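# Results of the structural survey
Here are the chains, one letter per residue:
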Amino acid sequence: MPTHLTIIGAGPGGYVAAIRAAQRGAHVTVVENSEVGGTCLNQGCIPTKALIASAEALMHMRHAADFGLEVAGTIGYNLAGIRERKDKIVATQVRGIHSLFKSWGINLITGKGALLAPDIVRVVQKDGTTMDVKSDKIIIATGSRPAGIPHIAFDAEHIISSDDAVRLKKIPKSILIVGAGVIGSEFAFVYRTFGAEVTLVEMLPRALSTEDEDISDIIEREFKKTKIKLIAGVKVEKSEKESDVILTTLSNGQVVRSEMVLVSIGRSMNSDGLGLDDVGVLRGTRGEVLVNEKLETNVPGVYAIGDVTGKFFLAHVASHQGLVAAENALGGQETMDYSVVPSGIFTMPEIGSAGLREKEAQNRNSAYRTGKFQYRALGKAHAMGEITGMVKIISDAVTDAVLGVHICGAHATDLIHEGALAIRMGATTRQLGSMIHAHPTLAEAVMEAAEDVHEQAVHVPREK
């Protein structure tokens, strides 16, 4: 008899787990309260990247003359057209998941699922009726939602979350973005490119505090170049609507006037209302579902994956967790390895990171070296008109093993995987630097940064 597996949530973790389990011969039921694809596909990764692509296209058009091109008429944008393109992309991807479910015989139930017992999921359907699904194994994949600030309520119009931001009903004349992390920094460039006056407020001393400091420095310089105002090291005390303006008071006493406020301070786990406490599934202090390296909760037969576990708020980590959990639910013995998790940030320019930041290398109390190479030394970067950026490599001073790779520049989110593979395979910087790289490419910067670890980069001038 095939294993009966029920998955609550059809985001990038849940739907991938469902397909893998079906490939392994399981009878799979997926319970989803909204639409397949989860936040990533419907409100996050994909729609934001579609908006960013439109912003980048507009930016390139404004610089057409730099490429010897003549553009007749006024360069502008059609917000309705941008939304339509974004919605079409999302709809295409959603249909693709539905098609995959159909091809693998996966049963999709629309409704809100919760654990009635360790082997039963009760589903409250859209019409209010309930149905119980009995299973051999259950995977919780309910994701997360935008975190809010006490006493500052979202209204989806003036004070908005990232979910609201992707709908782009209008481009405000001015916007205050609370949080200069990944989401806030990405939207700062988008809104600024479309003409809004943008102010970023960050509680920590610098923007993108999770990234290597050299990378954050580049983005902060780009903020200045594009006239995005960054106020770091302060908290938001309150935001109040006064006529058609939002007045936001900061902890330093400053009051910022803006037409709109975007709160982007992180994510909250969707672990409430799932019956977890009733069946004994343990949660952490942040509400995260506690799991081991096999993605098992403390209750036999119940697994959890994705944002709800509080490990990494990254779609690709959720998907990999989904593969591991699906295998284990069907008798496998797979474990999660978080040692090399590449990340991509779609600012302008992009950021790609893998492995240790320099501050983390310092905290290891063991010797390390760094190598750097600037985009402006690349012929391909000049040809593209994308000379802002850098590749930075951190290596072990004794073994020469690559410990971290950090890229800020055009196509950084694609280039980072060469660095991630080097770390995963235990490659040294000499091996990475000695590999022949095609010319002219941006990837040559990775090779040169690896060579710079030993001060052997050909296109780096000698220090006098």
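In this text, all values refer to a predicted model and were calculated from it rather than measured experimentally.

What counts as what
Along every chain, residues carry numbers that run from 1 in the direction the sequence is written. In keeping with the model being predicted, local features are shown solely for residues with a pLDDT of at least 70 and side-chain atom pairs are shown and tallied solely at 80 or more, while totals for entire chains, interfaces and linings include all residues. As a rule here, side-chain values cover all heavy atoms of the structure and leave hydrogens and water aside. Each helix is a run of DSSP H or I of at least 4 residues and each strand a run of E of at least 2, with the numbering of both proceeding from the N terminus. The globule rule used for comparison is 2.2 Å times the number of residues to the exponent 0.38, while the radius of gyration itself is calculated over C-alpha atoms. Per-residue accessibility, obtained with a 1.4 Å probe over protein chains only, is compared with the maximum for each type, and a residue is labelled buried under 20%, exposed over 50%, and partly exposed between these values. Throughout, the Shrake-Rupley method with a 1.4 Å probe supplies accessible areas, and for residues the shown protein chains are the sole cover considered. By the counting rule applied here, Lys and Arg register as positive and Asp and Glu as negative, while His and the ends of each chain are not counted. In this description, the location of a charge corresponds to atom NZ of lysine, CZ of arginine, CG of aspartate or CD of glutamate. Here, a disulfide means two cysteine sulfur atoms that sit within 2.5 Å of each other. When DSSP finds at least two bridges between two strands, those strands are taken to pair. Lines are fitted to the C-alpha atoms to define the axes, a helix being fitted only along its stretch in contact, and any angle between axes, read from their N-to-C directions, falls within 0 to 180 degrees. Expected span, for any helix, means 1.5 Å times one less than how many residues it has. We count a salt bridge whenever a side-chain nitrogen from Lys or Arg sits within 4 Å of a carboxyl oxygen from Asp or Glu. In this description, contact between two residues means that some pair of their heavy atoms is separated by no more than 4.5 Å.

## Focus on the overall build of the chain
A tally of helices and strands in the chain yields 14 helices and 22 strands. The globule rule puts the C-alpha radius of gyration for 464 residues at 23 Å, and the 24 Å found for the chain is close to it. The buried share of the chain, taken over its 464 residues, is 50%. On the chain, roughly 21,900 Å² of surface is accessible, and the fraction owed to carbon and sulfur atoms is 52%. Once the 48 positive and 54 negative side-chain charges of the chain are each reduced to a mean point, those two points are 2 Å apart.

## Digging into the state of the cysteines
This structure, assessed with the given rule, holds one disulfide. The partner cysteine of Cys-40 in its disulfide is Cys-45, sulfur to sulfur 2.5 Å. The sign of the S-S torsion, about -125 degrees, decides the handedness of the disulfide formed by Cys-40 and Cys-45: left-handed. Looking at Cys-45, the relative accessible area reads 28%, which means it is partly exposed.

## What about the sheet that holds strand β21 (residues 390–396)?
Strand pairing in a sheet relies on backbone hydrogen bonds. The paired strands run either parallel or antiparallel. One open sheet holds the five strands; their spatial order is β18-β19-β22-β21-β20, and the pairing between them is antiparallel. Two strands bound the open sheet, and with one partner strand each, they are β18 (343–345) and β20 (368–374). With strand direction ignored, the average angle separating the axes of adjacent strands in the sheet is 15 degrees. Here six bridges tie β21 to strand β22 (residues 402–408), and the two strands are oriented antiparallel to one another. The partner of Met-390 across the bridge, within β22, is Cys-408.

## Considering the pairing of strand β12 (residues 236–242)
Consecutive side chains of a regular strand alternate in pointing toward one face of the sheet and then the other. As judged from the six bridges shared by β12 and strand β13 (residues 245–250), these two strands associate in the antiparallel manner. Bridge pairing links Val-236 to Leu-250 in β13. Taken together, β12 and the strand that follows it, β13, pair antiparallel across an intervening segment of two residues, in which Ser-243 is found at a positive phi of about 60 degrees.

## What about helix α9 (residues 315–329)?
With 15 residues, α9 should cover 21 Å at 1.5 Å per step; its first-to-last C-alpha distance of 21 Å lies within 8% of that length. Along α9, the residues classified as buried are Val-317, Ala-318, Ser-319, Gln-321, Gly-322, Val-324, Ala-325, Ala-326, Glu-327, Asn-328 and Ala-329. Positive phi shows up at Gly-331, right after α9, with a value of about 105 degrees.

## Points about unusual backbone geometry
At the junction of Met-348 and Pro-349, the peptide bond is cis and its omega measures out at 10 degrees in the coordinates. Following His-439, the chain continues into Pro-440 via a peptide bond in cis, with omega recorded as -5 degrees. Topologically, Pro-440 is positioned in the loop between α13 (429–434) and α14 (444–452). The phi torsion at Lys-227 lies on the positive side, around 65 degrees, for a residue other than glycine. Overall, the relative accessible area of 65% leaves Lys-227 in the exposed class. One non-glycine residue with positive phi stands out, namely Asn-365, at about 60 degrees. Position of Asn-365 relative to the elements: it lies in the loop between α10 (358–363) and β20. Overall, Asn-365 belongs to the exposed group, its relative accessible area being 72%.

## Describing the pattern of salt bridges
If you walk through the whole model with that rule in mind, you get 19 salt bridges. Salt-bridge contacts for Lys-392 lead to Asp-212; the nearest nitrogen and oxygen are separated by 2.8 Å. With Lys-392 in strand β21 and Asp-212 in the loop between β10 (197–202) and α7 (213–225), this residue pair connects regions lying 180 residues apart in the sequence. Measuring nitrogen to oxygen at the nearest pair gives 3.8 Å for the salt bridge that ties Glu-288 to Arg-286. Among the ionic contacts, a cluster of salt bridges with common partners joins Asp-212, Asp-214, Glu-358, Lys-372 and Lys-392.

## Details of the environment of Met-203
Looking at the secondary structure, you find Met-203 in the loop between β10 and α7. Excluding residues within four positions of it along the chain, Met-203 makes contact with Gly-233, Val-234 and Lys-235.

So yeah, pure geometry; function would need other evidence.
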